[in-house]
Amino acid sequence: MNSENNIKKVTVKGVFMINIFGKAVPALMLEDEDGLLMPIHIGQSEALSINSVMKNETMPRPMTHDLIVSILERLGAKVDRVLIDEKVDNIYYARITLKVDGVSMEFDARPSDCIAIALRNDAVIMINEDVFNDDSISKENFQGSKAITGIV
């Protein structure tokens, strides 16, 4: 677990399709206050979920993240924040913090699931600075990359 002093707030820039070894895969793009971007490769269903909430679109039936948010609301739980705190063997690790009756509880989860839930609750998304700095790129490099095939 990393020090609370070594974290920064990020926002979700969007979900993009990125070409990796000839295959288009979705990537969640995080942005810090300096405009640096950091991609996290995610699954198709998580990409659809995040993209729909960012575009304020409602699906005909609730998606899994919508269900989780509904359950949390009925239980009186508030999503406090998401923290992406580690990267081990090219896998990012995250925790989502919930508050119920003033008590905080942390749960280990994939960053994409944490972020999909956080966006539905306007919760803060934080990341370990070292993790972000190791994998971040400038907007110029991102926009000039031939790996980008489009926005989901």
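Shown above is the structure to which this text applies.
1. Considerations on the nonpolar core
Here comes step 1: Core analysis: the biggest nonpolar cluster contains 31 residues, and Leu28, Leu30, Ile50, Ile84, Ile115 and Ile127 have the highest contact counts within it.
Here comes step 2: Once you skip the residues sitting within four places of it in the chain, Leu28 turns out to touch Val12, Gly14, Val15, Met38, Pro39, Ile40, Ile42, Ile50 and Ile115.
Here comes step 3: Within the second largest apolar cluster, five residues are counted, among which are Ile18, Ala27, Met29 and Leu37.

2. Describing the packing of helix 1 (residues 44-54) against helix 3 (residues 111-120)
Here comes step 1: The N-to-C vectors of helix 1 and helix 3 enclose an angle of 20 degrees; their axes lie 9 Å apart at closest approach. With respect to each other, helix 1 and helix 3 are oriented roughly parallel. Between helix 1 and helix 3 lies a crossing whose hand is left-handed. Contact with helix 1, carried on its side by Glu46, Ser49, Ile50, Ser52, Val53 and Met54, involves Ser112, Asp113, Ile115, Ala116, Leu119 and Arg120 of helix 3 and no other residues of that element.
Here comes step 2: Looking at side-chain class alone, the contact of helix 1 with helix 3 contains six nonpolar, three polar and three charged residues.

3. Brief notes about the pairing of strand 7 (residues 124-128)
Here comes step 1: Burial analysis of strand 7 places four of its five residues in the buried class, the great majority of the element.
Here comes step 2: For strand 1 (residues 7-20) and strand 7, the ladder comprises four bridges, and the chain directions are antiparallel. Each residue of the ladder has a partner; that of Val10, found in strand 7, is Ile125.
Here comes step 3: Alignment of strand 4 (residues 78-88) against strand 7, held across four bridges, turns out to be parallel. Bridged to Leu83 within strand 7 is Met126.

Calculation notes
Residues numbered from 1 in each chain as written. Predicted model: local features only at pLDDT ≥ 70, side-chain atom pairs only at ≥ 80, totals over all residues. Heavy atoms only, no water. Core = buried A, V, L, I, M, F, W, Y, C linked by side-chain atoms within 4.5 Å. Buried < 20%, exposed > 50% of the residue type's maximum accessible area, 1.4 Å probe, protein only. Contact = heavy atoms within 4.5 Å. Axes fitted to C-alpha atoms, helices over the stretch in contact; angles between N-to-C directions. Helix = DSSP H or I, 4+ residues; strand = E, 2+ residues; numbered from the N terminus. Parallel < 35°, antiparallel > 145°, perpendicular 65-115°, else oblique. Left-handed = near helix turned anticlockwise from the far one by under 90°. Nonpolar A, V, L, I, M, F, W, Y, C, P; charged D, E, K, R; others polar. Pairing = 2+ DSSP bridges.

Keep in mind these numbers describe shape, not what the thing actually does.
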